[in-house]
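# Remarks on the overall topology
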Amino acid sequence: MNVIGTLLLACVCGGENALPRTETGVVVCPQSAFRIPLDLTAEERSSVDAIRIFVSEDMGQSWVRMSDGAPDMKVITFRARHDGEYWFIVTLIDGTGRQTPAHLEGVEPGLKVLVDTTKPAVTLKAIRSKSGRRGVRWTLD
């Protein structure tokens, strides 16, 4: 069962279903709180005792256990403490307490989200050419 690739399919952020992605597949979210739908089949849900979610704020160098939930859990709500890139891995816990995958090292995250709540800043400056024409120079930060 390839749980990691199938669980985290989408990120729902601010009511938007189609969020932009970077070239590397990272979902860009303009809000610090978002929901992550979990997509498990009925067979997968019946064969586990719990769903465990891990998050990394350092691109997979370290993982923190974010939450545990019942097999019927459909959505995870995540609140970022700050802007940045967050990676997520979902594992399944069976009746004996065994976690699949057992170790997170080298596991490809099911979802990567870039939280960017900073609005762009536009700076306008009036300019005049040598011929006397007026214009505007602008920068976007």
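Position numbers for residues start from 1 in each chain and track the written sequence from start to end. Reporting in this predicted model follows two pLDDT cut-offs: at least 70 for local features of residues, and 80 or more for side-chain atom pairs to be given and counted; totals over whole chains, interfaces and linings ignore these cut-offs and use all residues. Side-chain measures here rest on the full set of heavy atoms in the structure, leaving out hydrogens and waters.

### Some thoughts on the confidence of the model for the protein chain
Counting all residues, the mean pLDDT for the protein chain is 83, and 86% of those residues have values of 70 or more. Confidence scores here are pLDDT values: one per residue, from the predictor, ranging 0 to 100. Each helix is a run of H or I in the DSSP string that is no shorter than four residues. Each strand is a run of E no shorter than two, and both are numbered from the N terminus. Least confident of the elements in the protein chain is helix α1 (residues 3–7), whose mean pLDDT is 40; most confident is strand β3 (residues 50–56), at 94. Only heavy atoms matter for contacts: two residues are in contact if any of them lie within 4.5 Å across the pair. The low-confidence segment residues 1–10, where pLDDT is below 50, has 35 contacts with residues more than four positions distant or belonging to other chains.

### Considering the pairing of strand β9 (residues 122–128)
Judged by how many residues are buried, β9 sits mostly at the surface: 0 of 7 residues are covered. Bridge count between β9 and strand β10 (residues 134–140): 7 bridges; the pairing is antiparallel. Across the sheet, Thr 123 pairs through a bridge with Thr 139, a residue of β10. The turn joining β9 and β10, which pair antiparallel and follow one another in sequence, is formed by 5 residues; a positive phi near 95° is taken by Gly 132. Using a 1.4 Å probe on the protein chains alone, a residue whose accessible area is under 20% of its type maximum counts as buried, one over 50% counts as exposed, and one in between counts as partly exposed. Pairing between two strands requires that DSSP report at least two bridges joining them.

### Points about the side chain of Ser 56
Checked against the element boundaries, Ser 56 lands in strand β3. Throughout this description, a polar contact denotes any pair of N or O atoms lying within 3.5 Å of each other; where both atoms belong to protein, one of them has to be capable of donating a hydrogen while the other can accept it, and for residues adjacent in sequence the pair is counted only when both atoms sit in side chains. Side chain to side chain, Ser 56 and Asp 58 meet in a polar contact 2.8 Å long. There is a polar contact of 2.8 Å between the side chain of Ser 56 and the backbone nitrogen of Gly 60. Apart from residues lying up to four places away in sequence, Ser 56 is in contact with Gln 61, Ser 62, Trp 63, Glu 85, Tyr 86 and Trp 87.

### Thoughts on a nonpolar patch on the surface
Two distance rules govern patches: like charges are joined within 9 Å, and nonpolar side chains (Val, Leu, Ile, Met, Phe, Trp, Tyr) within 5 Å, applied only to residues with over 30% relative accessible area and no salt bridge. Areas reported here follow the Shrake-Rupley algorithm with a probe of radius 1.4 Å; residue values treat only the protein chains shown as occluding. Think of a salt bridge as a Lys or Arg side-chain nitrogen and an Asp or Glu carboxyl oxygen that are within 4 Å of each other. Among the surface-exposed residues, Val 122, Leu 124, Val 136, Trp 138 and Leu 140 lie close enough to one another that they form a single nonpolar patch of about 570 Å² accessible area. Listing elements by their share of the nonpolar patch, those giving two or more residues are β9 and β10. Counting residues per element, the nonpolar patch draws most heavily on β10, which supplies 3 residues. As for its placement among the helices and strands, Trp 138 is situated in strand β10. Trp 138 sits in the exposed class, given a relative accessible area of 55%.

### Considerations on the nonpolar core
Put simply, a nonpolar core is a bunch of buried Ala, Val, Leu, Ile, Met, Phe, Trp, Tyr and Cys residues held in one set by side-chain atoms that sit within 4.5 Å of each other. Counting 21 residues, the largest nonpolar core has Phe 34, Ile 51, Ile 53, Phe 78, Tyr 86, Phe 88 and Val 113 as its most contacted members. Mapped by element, the contributors of at least two residues to this core are β1 (27–29), β2 (33–37), β3, β5 (75–79), β6 (84–93) and β8 (111–115). The biggest single contributor to this core is β6, with 4 residues. Other than its neighbours up to four places away in sequence, Tyr 86 contacts Val 55, Ser 56, Glu 57, Phe 78, Ala 80, Arg 81, Leu 111, Lys 112, Val 113 and Val 115. Ranked by size, the runner-up nonpolar core spans 5 residues in total, among them Phe 54, Trp 63, Trp 87 and Ile 89.

### Some words on the packing of aromatic side chains
The rule is short: rings of Phe, Tyr and Trp, with Trp giving its six-membered ring, pair when the centres are within 6.5 Å, and they are stacked under 30 degrees, edge-to-face over 60, tilted in between. This structure, assessed with the given rule, holds 4 aromatic pairs. Ring geometry for Phe 34 and Phe 88: centres 6.1 Å apart, planes at 90°, overall edge-to-face. Here Phe 34, found in strand β2, pairs with Phe 88, found in strand β6; they are 54 residues apart in sequence, far enough to count as distant. Here Phe 34 and Phe 88 have matching classes, each one buried. Each residue in the set Phe 34, Phe 78, Tyr 86 and Phe 88 is aromatic and connected to the rest through ring pairs, giving one cluster.

### Focus: the pairing of β3
By the criterion of burial, β3 is predominantly enclosed, with 7 of the 7 residues buried. Side chains Ala 50, Arg 52, Phe 54 and Ser 56 project from β3 onto one buried face, and the interleaved Ile 51, Ile 53 and Val 55 project onto a second face that is buried too. Across 7 bridges, the pairing between β3 and β6 is antiparallel. Each residue of the ladder has a partner; that of Val 55, found in β6, is Phe 88. Where β3 meets strand β4 (residues 64–69), 5 bridges bridge the pair, whose relative direction is antiparallel. The residue of β4 that forms the bridge with Ile 53 is Ser 67.

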